[in-house]
Amino acid sequence: KIFYLRLVFAATSWFGIGLRLYVTIDDASETLIEPIKFFTIQTNIFVATWLTLSLIFKDYRPNINEERMNQLYGMIRGGITSFITLTWLAYWVLLSGDSTSTGLKLLSSNINHYITPIYFIFDWIVSEQKPYKKIYIAYWMIYPLTYIAFAYTFQQITDDPIYNFFSIPENGNS
């Protein structure tokens, strides 16, 4: 049953996020808030929250108000699925070759970049039944575009790119 699978992956997702925060506490050069600036952590929090709410409101209590469940599915779930897919693809294509993580940081990275995204995409494929309205695509673009603006602004203020592929040299040379 999907309930048990979601339960395992909700716990795995929260574990991956918590492990990343733990690794941050263990690294004296970072603050606890440091990981929150990453798109990866933000989208994993969205997934873990969605899975948890799904377990509480649908899978555990199947007689819940259908209107409340429609708010979790459809536009919100589709958006979260697109965000976590972007996380997985961006890491796989742009970042994984540069990773030097080991130990708990590597475990956290694998959970947050591979396990959670791939599971959530799978869950969406096998259980999503509602058609999407075309306007949803415009709504789903708001968060990633806002994040890009945030990342660029953060880099301008701190001279520290959140992700290397956001690093834009001043003179246009690499």
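Source: prediction; values computed, not measured.

Comments concerning the overall build of the protein chain
Now for step 1: Helix and strand counts for the protein chain come out as 6 helices and 0 strands.
Now for step 2: When burial is assessed residue by residue, the protein chain has 39% of its 174 residues classed as buried.
Now for step 3: Partitioning the contacts of the protein chain with sequence separation of at least 6, the portion at a separation of at least 24 is 73%.
Now for step 4: By element, 65% of the accessible surface of the protein chain is carried by carbon and sulfur atoms, the whole surface being about 10,500 Å².

With respect to the nonpolar core
Now for step 1: With 14 residues, the main nonpolar core has Phe39, Tyr147, Ile162 and Tyr163 as its most contacted residues.
Now for step 2: Within the residue set of this core, elements represented by two or more residues are helix H2 (39-59), helix H4 (75-95) and helix H6 (135-158).
Now for step 3: For this core, the element with the highest residue contribution is H6, accounting for 5 residues.
Now for step 4: Beyond its immediate sequence surroundings of up to four residues, Tyr163 is in contact with Phe38, Phe39, Thr40, Leu95 and Tyr147.
Now for step 5: Ranked by size, the runner-up nonpolar core spans 12 residues in total, among them Ala10, Leu51, Ile80 and Tyr119.

Some points on the packing of helix H1 (residues 2-26) against helix H5 (residues 103-127)
Now for step 1: With their axes 9 Å apart at the nearest point, H1 and H5 run at an angle of 150° to one another. Classified by the angle their axes make, H1 and H5 are roughly antiparallel. In the crossing of H1 with H5, the sense of the turn from one axis to the other is left-handed.
Now for step 2: Taken together, the residues of the contact of H1 with H5 break down into 15 nonpolar, 7 polar and 4 charged.

Topic: the packing of aromatic side chains
Now for step 1: Going through the model one piece at a time under the given rule, you end up with 18 aromatic pairs.
Now for step 2: A centroid spacing of 5.2 Å and a plane angle of 85° characterise the contact between Phe3 and Tyr4, whose relative ring orientation is edge-to-face.
Now for step 3: Accessibility expressed as a relative area gives 16% for Phe3, which makes it buried.
Now for step 4: A centroid spacing of 6.2 Å and a plane angle of 65° characterise the contact between Tyr132 and Tyr136, whose relative ring orientation is edge-to-face.
Now for step 5: The class of Tyr136 is buried, set by a relative accessible area of 14%.
Now for step 6: Ring-pair connections join several aromatic residues into one group, and the members of that group are Phe39, Phe46, Phe83, Tyr143, Tyr147, Phe150 and Phe154.
Now for step 7: It is Arg77 that lies over the ring of Phe120; its NZ or CZ is 6.0 Å from the centre.

Considerations on H1
Now for step 1: The terminal C-alpha atoms of H1 lie 35 Å apart, and with 25 residues this matches the ideal 36 Å at 1.5 Å per residue to within 8%.
Now for step 2: Of all the residues in H1, the buried ones are Phe3, Arg6, Phe9, Ala10, Thr12, Ser13, Gly16, Ile17, Leu19, Arg20, Val23 and Thr24.

With respect to the confidence of the model for the protein chain
Now for step 1: Confidence along the protein chain averages 85 in pLDDT terms, with 86% of residues attaining 70 or more.
Now for step 2: Between the elements of the protein chain, mean pLDDT differs from a low of 65, seen in helix H3 (residues 66-72), to a high of 94, seen in H5.

Here's the deal with the side chain of Thr81
Now for step 1: With respect to the helices and strands, the residue Thr81 is situated in helix H4.
Now for step 2: There is a polar contact of 2.8 Å between the side chain of Thr81 and the backbone oxygen of Arg77.
Now for step 3: Residues within four places of Thr81 in sequence aside, it is in contact with Phe120 and Trp124.

As for the pattern of salt bridges
Now for step 1: According to the stated counting rule, one finds 5 salt bridges in the structure shown.
Now for step 2: Here Arg77 makes a salt bridge to Asp123, at a shortest N to O gap of 2.2 Å. Taken together, the positions of Arg77 in helix H4 and Asp123 in helix H5 put the pair 46 residues apart, joining distant regions of the chain. For the pair Arg77 and Asp123, a shared accessibility class is recorded, and that class is buried.
Now for step 3: Here the salt bridges do not stand alone but share partners, grouping Arg6, Arg77, Asp123 and Glu128 into one network.

What counts, and where the lines are drawn
- Residues numbered from 1 in each chain as written.
- Predicted model: local features only at pLDDT ≥ 70, side-chain atom pairs only at ≥ 80, totals over all residues.
- Heavy atoms only, no water.
- Helix = DSSP H or I, 4+ residues; strand = E, 2+ residues; numbered from the N terminus.
- Buried < 20%, exposed > 50% of the residue type's maximum accessible area, 1.4 Å probe, protein only.
- Contact = heavy atoms within 4.5 Å.
- Areas by Shrake-Rupley, 256 points an atom, 1.4 Å probe, with all protein chains shown as cover.
- Core = buried A, V, L, I, M, F, W, Y, C linked by side-chain atoms within 4.5 Å.
- Axes fitted to C-alpha atoms, helices over the stretch in contact; angles between N-to-C directions.
- Parallel < 35°, antiparallel > 145°, perpendicular 65-115°, else oblique.
- Left-handed = near helix turned anticlockwise from the far one by under 90°.
- Nonpolar A, V, L, I, M, F, W, Y, C, P; charged D, E, K, R; others polar.
- Phe/Tyr/Trp six-rings, centres within 6.5 Å; stacked < 30°, edge-to-face > 60°.
- Lys NZ or Arg CZ within 6 Å of the ring centre and 35° of its normal.
- Expected span 1.5 Å × (residues − 1).
- pLDDT = per-residue confidence, 0-100.
- Polar contact = N/O pair within 3.5 Å; in protein donor to acceptor, adjacent residues only side chain to side chain.
- Salt bridge = Lys/Arg side-chain N within 4 Å of Asp/Glu carboxyl O.

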